[in-house]
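Structural features, examined
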Number of protein chains: 2
Amino acid sequence: MDQDPFFRTLRAGGHRLTQARMAVIAALRKASAPLSAAEILASCLAAGARIDRATAYRELEFLASSGIALPVRLEGRSLRYEISDRGHHHHAVCLKCENIQEVKADAALEAAETRVAKRVGFTVLRHAFELFGLCKKCR
Amino acid sequence: MDQDPFFRTLRAGGHRLTQARMAVIAALRKASAPLSAAEILASCLAAGARIDRATAYRELEFLASSGIALPVRLEGRSLRYEISDRGHHHHAVCLKCENIQEVKADAALEAAETRVAKRVGFTVLRHAFELFGLCKKCR
DNA sequence: TTGACAGTGCGACTAAGTCGCATTAATCTT
DNA sequence: AAGATTAATGCGACTTAGTCGCACTGTCAA
Ligand SMILES: [Zn+2]
Ligand SMILES: [Zn+2]
Ligand SMILES: [Zn+2]
Ligand SMILES: [Zn+2]
């Protein structure tokens, strides 16, 4: 626990390692796809941590501001979060089975994104790229 | 009005040209950026059409299913709509002035999107690409 | 071990959208 | 032009996702 980089970051920032905080981080770690606040809350409760809805929301917001959780806002769905140590990627959402699949960053795509931004005279702080359709299984 | 392609499509489909429907289409036409349901409702009311909130939502959904309105779901914002006859494009959202700017489709970007989809074995029905940052004026 | 205060639980609140159902009005028929 | 048909509407109650203030509590450094 003391060698965990996220926990060290939190301690270094003067933040406490509370039950709720550790439960939420554990829930994010366990997840294989981005989770909504409600799902994270359910996961924490299932794991035996008694935390409140408001706490779950506040904690996720805090973890996002600390760079530990990454907000994932897929169009049409409610806000989700994933753990932030998996490198830059995007998502493909299956419209049939609802599965969310990671799409590794593609150099050409990222280059095109940069070029387009330059063309329209925009300073890009963040970008979103999502695919919606049918996954291998559902096709 | 009878030569309007959208109106002709609606008539051909056996749909009525109601006050609400025409008011919503007019609001979408007037808009220079994607509008939320609330904004469209306000625009209709300001134009003198007495329509209900539920009607505005239902009408927008209907127009989207008819291919006349295009849902624009920019991450973190509520669902918006724009008129559908402007060709494929994406959006750049200024985080300071909240302006939403159209970004014309870029051949290289679209090609990269297609290639990435193929790589992950995904049948893409729709894609999203958005830039978030600072516009020319706000930089 | 204890004081300070970051973090929590509670509950009331808001914003965005949905739904069922009785009524209205756009279009069709005659 | 009047009546019939039924798509579309208004109303209001409901849901879902998230926010907020405030009194209380648990973490941790001294
Ligand atoms: Zn699938
Ligand atoms: Zn990217
Ligand atoms: Zn701006
Ligand atoms: Zn595109």
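Residues numbered from 1 in each chain as written. Chains lettered and ligands numbered in written order. Predicted model: local features only at pLDDT ≥ 70, side-chain atom pairs only at ≥ 80, totals over all residues. Heavy atoms only, no water.

Concerning the packing of aromatic side chains
Filter applied, for reference: Aromatic contacts are taken between Phe, Tyr and Trp rings whose centres are within 6.5 Å, Trp giving its six-membered ring; a plane angle under 30 degrees counts as stacked, one over 60 as edge-to-face, and the others as tilted. Note on geometry: a ring has a charge over it if NZ (lysine) or CZ (arginine) is within 6 Å of the ring centre and within 35 degrees of the ring normal.
The tally for this structure, following the rule as stated, stands at 0 aromatic pairs over all chains. The ring of Phe132(B) carries Arg126(A) above its face, with NZ or CZ at 4.8 Å from the centroid.

Focus: the domain arrangement of chain A
Quite often, the size of an interface is put as the accessible area lost when its parts meet. Residue and element names in this part refer to chain A. Under the convention used in this document: Each domain's extent was defined by an automatic or database domain assignment. By definition in these notes, contact holds between two residues if any of their heavy atoms fall within 4.5 Å. Criterion for a salt bridge: a side-chain nitrogen of Lys or Arg within 4 Å of a carboxyl oxygen of Asp or Glu. Under this definition, polar contacts are N or O atom pairs within 3.5 Å; protein pairs additionally need one hydrogen-donor-capable and one acceptor-capable atom, and for neighbouring residues in sequence, both atoms have to be side-chain atoms. Gly is put with the polar residues, along with every residue not named as nonpolar or charged; the nonpolar set is Ala, Val, Leu, Ile, Met, Phe, Trp, Tyr, Cys and Pro, and the charged set is Asp, Glu, Lys and Arg.
Domains assigned within chain A are domain 1 (5–83) and domain 2 (89–133). Taking only C-alpha atoms, the centre of domain 1 and the centre of domain 2 are 24 Å apart. At the interface, 9 residues of domain 1 touch 9 residues of domain 2. Linking domain 1 to domain 2 there are 1 salt bridge. A salt bridge links Arg 77 to Glu 98, with the nearest nitrogen and oxygen atoms 3.3 Å apart. There are 4 residue pairs in polar contact (both at pLDDT 80 or more) connecting domain 1 and domain 2. Among the residues forming the side of domain 1 that touches domain 2, the class breakdown is 4 nonpolar, no polar and 5 charged.

A word on the interface of chain A and chain B
This is how it is decided: As a working definition, buried area equals the accessible area (1.4 Å probe) given up by two parts on being put together, with both sides summed. Helix and strand definitions follow DSSP, with helices as H or I runs of at least four residues and strands as E runs of at least two, each counted in order from the N terminus. The pairing criterion is simple: DSSP has to find at least two bridges between the two strands.
Listed as interface residues are 37 residues of chain A and, on the opposing side, 37 residues of chain B. When the two sides are added together, the surface that chain A and chain B hide from each other amounts to roughly 3,500 Å², 59% of it contributed by carbon and sulfur. Summed over the three residues of chain A that lose the most area to chain B, namely Glu75(A), Phe122(A) and Arg126(A), the buried surface amounts to 18% of that side. Joining chain A to chain B, the criterion identifies 7 salt bridges. Across the pair Glu75(A) and Arg73(B) runs a salt bridge whose closest N-O atoms are separated by 4.0 Å. For the side of chain A that touches chain B, the secondary structure elements donating two or more residues are strand S4 (89–94), strand S5 (100–104), helix H5 (107–119) and strand S6 (123–134) of chain A. Considered class by class, the residues forming the side of chain A that touches chain B number 20 nonpolar, 6 polar and 11 charged. Inspection of the sheet shows S6(A) paired to strand S6 (residues 123–134) of chain B by 11 bridges, in the antiparallel sense.

Focus: the coordination of the zinc ion (ligand 1)
Residue and element names in this part refer to chain A. Put simply, the rule reads: In this analysis a donor is any N, O or S atom within 2.8 Å of a metal ion (3.2 Å for sodium, potassium and calcium), and since water is not included, sites may seem incomplete. In these descriptions, tetrahedral denotes four donors with every angle between 85 and 135 degrees, square planar four donors and octahedral six donors with opposite donors over 155 degrees apart and the rest between 65 and 115, and irregular any other case. Categorising residues by exposure relies on relative accessible area from a 1.4 Å probe, with only protein chains included: less than 20% of the type maximum marks a residue as buried, more than 50% marks it as exposed, and the intermediate range marks it as partly exposed.
Of the protein atoms, only Cys 94 (SG), Cys 97 (SG), Cys 135 (SG) and Cys 138 (SG) coordinate the zinc ion (ligand 1), at distances of 2.2 to 2.4 Å. One way to put it: the 4 donor atoms around the zinc ion (ligand 1) meet at angles of 102 to 116 degrees, and that makes the site tetrahedral. Counting residues between consecutive donors of the zinc ion (ligand 1) along the chain gives the motif C-x2-C-x37-C-x2-C. Linking Cys 94 in strand S4 with Cys 135 in the segment after S6, this pair joins segments that are 41 residues apart in sequence. No difference in accessibility class separates Cys 94 from Cys 135, as the two residues are buried.

A short note on the sheet that holds S6(A)
Worth spelling out the cut-off: Orientation is described by axes fitted as lines to C-alpha atoms, over the contacting stretch for helices, and by angles from 0 to 180 degrees between their N-to-C directions.
As summarised here, the arrangement of the 6 strands in space is S5(A)-S4(A)-S6(A)-S6(B)-S4(B)-S5(B), forming an open sheet in which the pairing is mixed. Of all strands in the sheet, those bounded by a partner on one side alone are S5 of chain A together with strand S5 (100–104) of chain B. Neighbour-to-neighbour, the strand axes of the sheet open up by a mean angle of 30 degrees, direction not taken into account. Taken together, the 4 bridges between S4(A) and S6(A) define a ladder with parallel strand orientation. Its bridge partner being in S6(A), Cys94(A) is matched across the sheet by Gly133(A). H5(A) contacts S4 and S6 of chain A together with S5 and S6 of chain B of the sheet and is inclined by roughly 130 degrees relative to S6(A). The strands touched by helix H5 (residues 107–119) of chain B within the sheet are S5 and S6 of chain A together with strand S4 (89–94) and S6 of chain B, with S6(B) carrying the most contacts at an inclination of about 130 degrees.

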